[in-house]
Amino acid sequence: MKLVGAGGAVLALTECGVGNARPAAVPALPPFSVPLRIPPVARPDRQDATTDYYRVRMAETQAEVYPGLQTKVLTYNGQFPAATIVAKRGRRAVVTQYNGTSRPTAVHLHGAHLPRKDDGHPMDLVEAGQERVYEYPNTQPGATLWYHDHAHHTEAEQVYRGLAGLYVLDDEAEHDLGLPDGEYDVPLMLRDAQFDPAGQLVFVLAGFAGRQTLLVNGRPQPYFEVAARKYRFRLLNCSNDRTFRLRLSDNRPFQLIGSDSGLLPAPVTVTDFDLSPGERVEAVVDFAPYEIGAQVTLTNDLAEVESAKSVMRFDIARTAADHSRVPPTLRPLPDLGEATVERHILMRVNLGATISSLLDDKVYDPNRIDQRVKLGTTEIWTITNTDVQAGIPHNMHLHLEQFQVLDRDGKPVTGHETGLKDTVLVPAGGNVRIKVRFTDHPGLFVYHCHMLDHSALGMMGQMEIT
Ligand code: C2O
Ligand code: CU
Ligand code: CU
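Residues numbered from 1 in each chain as written. Chains lettered and ligands numbered in written order. Predicted model: local features only at pLDDT ≥ 70, side-chain atom pairs only at ≥ 80, totals over all residues. Heavy atoms only, no water.

Turning our eyes to something else, we now look at the overall build of the chain. For the chain, the helix and strand inventory stands at three helices and 31 strands. For the chain, the C-alpha radius of gyration of 21 Å lies close to 23 Å, the compact-globule estimate for 466 residues. Seen through its principal axes, the chain has C-alpha atoms that stretch 60 × 50 × 50 Å. Here the chain holds 466 residues, and the buried ones make up 60% of them. Excluding contacts between residues fewer than 6 apart, the proportion of contacts in the chain whose partners are at least 24 apart in sequence is 77%. Carbon and sulfur atoms make up 50% of the accessible area of the chain, which amounts to about 16,900 Å² in all. Taken together, the 46 basic and 57 acidic charged side chains of the chain have centroids lying 1 Å from each other. (Helix = DSSP H or I, 4+ residues; strand = E, 2+ residues; numbered from the N terminus. Rg over C-alpha atoms; globule rule 2.2 N^0.38 Å. Buried < 20%, exposed > 50% of the residue type's maximum accessible area, 1.4 Å probe, protein only. Contact = heavy atoms within 4.5 Å. Areas by Shrake-Rupley, 256 points an atom, 1.4 Å probe, with all protein chains shown as cover. Lys, Arg positive; Asp, Glu negative; His and termini not counted. Charge placed at Lys NZ, Arg CZ, Asp CG, Glu CD.)

If you want it as structure tokens, here you go:
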């Protein structure tokens, strides 16, 4: 099963002549030279009995990615990566987004169950100099969501340049589970990037092979000083195209507790797991067995080059009390009902003179409806990736609804895929079956490959829900 590498390289070679050689990246920074930064929590502009109101300005600003260097980035309120919005289940969040950049944007809340007008559909653009108000109902169960740009065809570049942030939907009902919280609940946004010798981001559409620098929360391969106790990590892969296979260098286990849609039915203990673009995983790591002074690296077993092998390092720096626990059951899966509709979706890249990415052999057309869906129905979608020869992986993301992954290549899924998801990896030559129920919110929503270079090249379709 080939997940990354060849495919990305093929795309890059064909499109722009970028090979596998490591491009000059300056400054050369040894791994683990900079401390992890935790994105700040966004502060509401005002609050009333039911709602938190935020004001955000999208703009090109500078960020210190490398020590002492300013990198041009696109930001929400000047932060790279963006501030985390912490919403409370049952309280609305209303976010006014002003576009201070020079190009159209669209702000999508990935994983959210909400009305079409607030989804951030690729054609619901916020033009430069304009603003749009997004209303988030926050009625779904607690989950780690994220917000990011979705302007059609430019989403890949705009997310790459920084328009991405976490949105943690905090659920009161989960508080007495006793999971690690507060400073021991830590977001980790993983991605890759390509920098030029001046420390500026280089974006080449389908230029996967050039993106060999790993960033966590916007900093290259950082270290993080932890206490010898349990932590809850909320991992998001916000890379355009890179899939990670994450493992601790000494094979100490992760207890997976959550996926895209929040808590799993029960924790699953693993030594590694895959995280493809757009997916989230919540994992508890217990550092209690380590001596103070010990170090352990988070590694990426799918790295195609040395520089993409080490993601970050945990330095066990102190002791701390730990009253947290991981209970044996977390949140049961809802019953999605009996499926009455079946659909088949084909994913493939056309490596012709001009590259396009196809869903069912078509490129995205905002004026075309690809699937007509009736509210109240449960469906099974079989998604097949036929890019066997080129070895290009894809994944599938649905807006609006979370789904259950029934199987991959006929075998039941494990690990974080036992929870409800909105994005699922479809390896080259593989097929995945998902079960989804359309509950409410009519309108036109997209589904697409979340390898954003692929969706920007057309690997996206629309479902009209009535
Ligand atoms: Cu995070 Cu339509 O995507
Ligand atoms: Cu989405
Ligand atoms: Cu794809």
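After that view, the rundown keeps rolling.
Attention now moves to the coordination of the copper ion (ligand 3). Protein coordination of the copper ion (ligand 3) is provided by H394 (ND1), C449 (SG) and H454 (ND1), with donor distances spanning 1.9 to 2.2 Å. In the primary sequence, the donor residues of the copper ion (ligand 3) line up as H-x54-C-x4-H. Classification of C449 as buried rests on a relative accessible area of 0%. Residue classification places H454 among the buried positions, given a relative accessible area of 3%. (Donors = N, O, S within 2.8 Å, 3.2 Å for Na, K, Ca; no water.)

Turning our attention to the side chain of R408. Looking at the secondary structure, you find R408 in strand β27 (residues 403-408). Of the residues examined, R408 reaches a relative accessible area of 15% and is grouped as buried.

Bringing the coordination of the copper ion (ligand 2) into the picture now. Taken together, the protein ligands of the copper ion (ligand 2) are H108 (NE2) and H397 (NE2), with distances of 1.9 Å. Placement of H108 in strand β6 (residues 107-110) and of H397 in strand β26 (residues 394-398) is noted, with a sequence separation of 289 residues between them. The exposure class of H108 is buried, given its relative accessible area of 1%.

Right, let's get into the sheet that holds strand β9 (residues 164-170). Pairing is mixed in the open sheet, where four strands are placed in the order β4-β9-β8-β6. For this open sheet the edge positions go to β4 (85-88) and β6, each flanked by a neighbour on one side alone. Recorded for the sheet is a direction-independent mean angle of 25° between the axes of neighbouring strands. The pairing of β4 with β9 spans four bridges and is classified as parallel. Looking at the pairing, V86 lines up with V168 of β9. (Pairing = 2+ DSSP bridges. Axes fitted to C-alpha atoms, helices over the stretch in contact; angles between N-to-C directions.)

Attention shifts here to the nonpolar core. Ranked by internal contacts, the top residues of the largest apolar core, which has 54 residues, are W381, M396, L398 and M463. Judged by nonpolar contacts, the second largest core, of 38 residues, contains L36, L188, F254 and F287. (Core = buried A, V, L, I, M, F, W, Y, C linked by side-chain atoms within 4.5 Å.)

Without other data, these values stay purely geometric and don't point to any function.
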